[in-house]
Amino acid sequence: MKMDQLRWKKAILPALIALMMVFMAACGANNDSNTNNNGANNGGQASATVQPTAESTPEAAAGAPSETTYPLTVKDATGTEIIFEQAPTAIVSLAPSETETIYAIGAGEYVVGVDAYSNYPEEATKVEQIGDMTTNIEAVVALNPDLVLASPSLNADAVSKLRELGIAVYASEPKTYDETIAKIEEIGKIVNKNAETAAVAEHMRQVKQEVTDAVKGADPKKVYLEFSPGWTVGSGEFLDELITLAGGVNIANGQAGWYEVNAEEVIKENPQVIIYPDFGEEKSSILAGIETRPGWDVIDAVKNNQMFAVTNDPLVRVGPRLADGLLELAQTIHPELVSK
């Protein structure tokens, strides 16, 4: 019986993690007001900046190629080569991060379909929805897209079915901050928005540099991140890297990927800071679990009330707003160094 249970858990784990990641992206929308204001902000070296748009900062992309040369061949995260004879003019996005990307680089006018969790920018909420965790393949086909943006893990079934129907699908799954920038640049090249994309990429690189400069030389703080009740993230994922860039040490990085919390191990590691996403709840279910977990009252972060909610969507979406997520993490971990 135990062996059967183990096999069952292993079988459903990938789907469970995928579901939680989508839930994280869907929850906490429009809750920017939860940004933490704890700690002194004396002599901060980094500050919040506004996400550039094609309209506001085209000059930031000076020197970038103005036009993509077609036909263009690209290879996505699945190793699939896609050939574009011309710039796509009918785009469907199956993931919130891809939706945010396409709007940020100035190609929002070409978006004809999005997933149900695409809640940013506001214009995206007015576009036809083509499913949630399960993509409505017929609805996508009816929109006659010449580009579908997807995640190879969250949208694996849809990616396969759409490709069988001859639809161009670009699937990406960046695992680091820089890979996220590279993904955005590739999409910008595909849709022939090179100058606008260069401005977005430059902004993201600038935020990363400001944050790393601000925390350089500071003693790293031990950080525990609980992204969903009872679940944390270890090495090999972008959230682990963000904690490091923000001047922290992820106490869960001894194990790879997304996994269930080992309560005793967290007590042993004794984090100085505990971070969790704001899902817009009146009382955070994550915080409630932390406060009532046996033995956790001895953890420094709990004793010193160093438990902070951070804005959810920018932190968990591998798109342009990941810069905002990184900045907020740094402000939360090192408020004395990174100003708001």
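Scroll up for the structure.
Rules used in this analysis
Residues numbered from 1 in each chain as written. Predicted model: local features only at pLDDT ≥ 70, side-chain atom pairs only at ≥ 80, totals over all residues. Heavy atoms only, no water. Salt bridge = Lys/Arg side-chain N within 4 Å of Asp/Glu carboxyl O. Helix = DSSP H or I, 4+ residues; strand = E, 2+ residues; numbered from the N terminus. Buried < 20%, exposed > 50% of the residue type's maximum accessible area, 1.4 Å probe, protein only. Pairing = 2+ DSSP bridges. Axes fitted to C-alpha atoms, helices over the stretch in contact; angles between N-to-C directions. Contact = heavy atoms within 4.5 Å.

Undergrad: When you look at the pattern of salt bridges in this model, what are you seeing that I'm missing?
TA: A side chain of one charge can pair with a side chain of the opposite charge if their charged atoms are brought near each other. Taken as a whole and assessed by the stated rule, the structure comprises 14 salt bridges. In this structure, Glu-100 and Arg-321 form a salt bridge, with 2.8 Å as the shortest nitrogen-oxygen distance. With Glu-100 in helix 2 (residues 96-104) and Arg-321 in the loop between helix 11 (312-316) and helix 12 (322-333), this residue pair connects regions lying 221 residues apart in the sequence. A salt bridge links Arg-205 to Glu-185; the nearest nitrogen and oxygen atoms lie 3.1 Å apart. Separated by 20 residues along the polypeptide, Arg-205 in helix 6 (residues 194-215) and Glu-185 in helix 5 (residues 177-190) bring together distant segments of the chain. For Arg-205, a relative accessible area of 39% gives the class partly exposed. Connected through salt bridges with shared partners, the residues Glu-100, Asp-313, Arg-317 and Arg-321 form a single ionic network.

Undergrad: Please clarify how the sheet that holds strand 5 (residues 147-150) should be interpreted in this entry.
TA: Remark on secondary structure: sheet strands pair via backbone hydrogen bonds, oriented parallel or antiparallel. Strand order in this open sheet of four strands is 4-3-5-6, and the pairing throughout is parallel. Edge positions in the sheet fall to strand 4 (111-114) and strand 6 (169-171), since each has one partner strand and no second. Going from strand to strand, the sheet's axes swing by 20° on average, the running direction of each strand aside. Of the strand pairs in this sheet, strand 3 (residues 91-93) and strand 5 are connected by three bridges, and their pairing is parallel. From the neighbouring strand, Val-92 faces strand 5, where its bridge partner is Val-148. Relative to strand 6, helix 4 (residues 156-164) is tilted by about 150°, and along the sheet it contacts strand 5 and strand 6.

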